[in-house]
Structures are given as C-alpha cells and as structure tokens.
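Chain by chain, the residues:
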Amino acid sequence: MKGKKLSNREFAKRFDSVAEKFDEISNTYTVLRRYNEIIKFVKGNCLEIGAGTGNIISLTKNKKNYFLSDISFKMCKVSKRKYHCNVVCCDAEKLPFSDNAFDSIISSENIYILNHPQYFIKEAFRVLKNKGILVITAANQDMIIYDRIRAMLRSIGLGSMYFDDGVRSFIKLSELKNLLNKNKFRVKTEKKIILFPFKNLDYFNRVLEKTFLSYFSIFNSIVAEKVSK
C-alpha cells in the first residue's frame, strides 16, 4: 500500500461516510458469490467480523444465534435497521466476547484492512469453541492488477461501481495460512474464486475455478479449524 496505512479507527470513519449507500456501490455478483462460499460453513453461534451492512445474515437459517460486528458505528446502525439482529460495534483486534463463545466466525474482505491481523487471529482463536470454524475471504494479492484496473476506472468517472476503501495491498494466501498455523488453527480448505466480476460470466467462472486458471481469481477463500490445546 502506498503511503501510511490508516488506523482501524480511521477506516471506521471512512466506512461511516458510505454506510447509507454502501449496498448501492458494491458489485452485487462478487458479493453474493463470496457470501455463498462463506455461508456453507456457518454453524451454531456465529460471529461475523466486519459485517458492514449485514447482508450475509439474510442467507442464514438461524438468525438468533448470529452476531454481526463492525468497527463502523454507522454500518452497525444500517445492519440493525435492516435486519433487527444482534449487532456489536467493536474492533476486530479487541473482541468484547468471552472465551469459547462461538462455534464459527466469518470475515469477508476485512483482514487486510486491519493494522494487526495477527491480533484478530488470536482473538478469533480465543472466542471460538474447540473445533470451531474460522472462514476468511480476501482479495487475492497475486492478482493485484485487478485493483490497478479499478483505479483506472475511477480516474475516468466509473468509481460508483464499488467502494474505494483505499487499500492498495492485500494479504497473500501463503501469509494467511502461516498466520493461521502459528496460532493453532488447522487449515481445512482453500479456494480461489471469481476470475471475471460479471454475473453473465458466472458459468465460465465456475468452470475455470476448477482448473489451474483459478490462480487468476480475484478472491481467496480459506476455512480453518481451531485445534484444541
């Protein structure tokens, strides 16, 4: 990332500024594909980190046991208004929950924003129950060219296609796996998804994701299990 990275609180203010229109400036296809990958692994009491406007909860069967969290107060207000659900405004690096409180934790496009992602991983381990599941999706650092293309589109007035969070560097899959392993998580599955961010190319995405060309996908998805001490 060029320049000094924003603090977690500064990112909160940036997301506050777009909370009311966030859904309108998101790519519906890529968002839904990520959500459908994530929702497969939700179980029991679930905590979502960086929930934004809370749309993943609309796909869950048991909303009573689902908790949304975000550092942006205005994002939390929007999700509470939309879904009348459990919402906690907090920093992912300092979770206000007791040990062994959740069966699953999900984090979509959030970990590379954090100032200290290792703190989040430690906190996730702490609040997960034994054999609890952590699901993370994040932009694929190997395909940073996609971000460069998006920056070009913004420069010609097409920025409304998505929200610019200001991040210009993401986390490598190998780095994320090492971080999980160091913190006593066992990686269960990893997957790369979405080569083309267009709904009308969904069939080709799903076919190519099963081949070596998946390397060129925009997003990484990883599922890890808390290993008992």
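Residues numbered from 1 in each chain as written. Predicted model: local features only at pLDDT ≥ 70, side-chain atom pairs only at ≥ 80, totals over all residues. Heavy atoms only, no water.

Asks: Just to check I follow, could you spell out the environment of Ile 105 for this structure?
Replies: Within the element layout of this structure, Ile 105 appears in strand E4 (residues 102-108). Residue class for Ile 105 comes out buried when judged on its relative accessible area of 0%. Along the sequence, Ile 105 and Lys 43 sit 62 residues apart, while their C-alpha atoms lie 8.9 Å from each other. Residues in contact with Ile 105, not counting those within four places in the same chain, are Leu 47, Ile 49, Ala 124, Val 127, Leu 128, Ile 133, Leu 134 and Val 135. (Helix = DSSP H or I, 4+ residues; strand = E, 2+ residues; numbered from the N terminus. Buried < 20%, exposed > 50% of the residue type's maximum accessible area, 1.4 Å probe, protein only. Contact = heavy atoms within 4.5 Å.)

Asks: Would you take a moment to explain the packing of aromatic side chains for this structure?
Replies: When we look at a pair of aromatic rings, we describe it by the centre distance and by the angle of the planes. Scanning all chains against the criterion turns up six aromatic pairs. When the ring of Phe 97 is compared with that of Phe 102, the centres are 5.1 Å apart and the planes differ by 85°; the resulting orientation is edge-to-face. In terms of burial, Phe 97 and Phe 102 fall into one category: buried. Put simply, the rings of Phe 67, Phe 97 and Phe 102 touch in pairs and so form one group of aromatic residues. Taking the ring centre of Phe 125 as reference, the NZ or CZ of Lys 226 above it sits at 4.6 Å. (Phe/Tyr/Trp six-rings, centres within 6.5 Å; stacked < 30°, edge-to-face > 60°. Lys NZ or Arg CZ within 6 Å of the ring centre and 35° of its normal.)

Asks: Is there a simple way to think about the environment of Lys 63 in this case?
Replies: Tracing the backbone through its elements, the reader meets Lys 63 in the loop between strand E1 (46-49) and strand E2 (66-70). Taking the relative accessible area as the measure of exposure, Lys 63 reaches 36% and is therefore partly exposed. Residues within four places of Lys 63 in sequence aside, it is in contact with Ile 57, Ser 58 and Asn 86.

Asks: Quick question: what am I supposed to make of helix H6 (residues 173-182) here?
Replies: Since the α-helix packs 3.6 residues into each turn, any two residues three or four apart lie on the same face. Within H6 the residues assigned to the buried category are Leu 173, Leu 176, Leu 179 and Leu 180. What you see down the axis of H6 is that its buried residues fit within an arc of 125°, all on one side. Structurally, H6 contributes buried residues whose contacts are with helix H4 (117-127), strand E5 (128-139), strand E6 (185-193) and strand E7 (219-226). At the exit of H6 stands Lys 184, carrying a positive phi of roughly 70°. (Arc of directions from axis to C-beta.)

Asks: Explanation requested: the sheet that holds E4 in the structure shown.
Replies: Paired through backbone hydrogen bonds, the strands of a sheet run either parallel or antiparallel to each other. Across the sheet, which stays open at both edges, the seven strands sit in the order E3-E2-E1-E4-E5-E7-E6 with mixed pairing between neighbours. Single-partner strands in this sheet number two, and they are strand E3 (86-89) and E6. Going across the sheet, the axis of each strand differs from the next one's by a mean of 15°, ignoring polarity. Across seven bridges, the pairing between E5 and E7 is antiparallel. Considered in E7, the bridge of Leu 134 is made with Ala 224. Each of E5, E6 and E7 touches H6; the most contacted strand, E6, lies at about 160° to it. (Pairing = 2+ DSSP bridges. Axes fitted to C-alpha atoms, helices over the stretch in contact; angles between N-to-C directions.)

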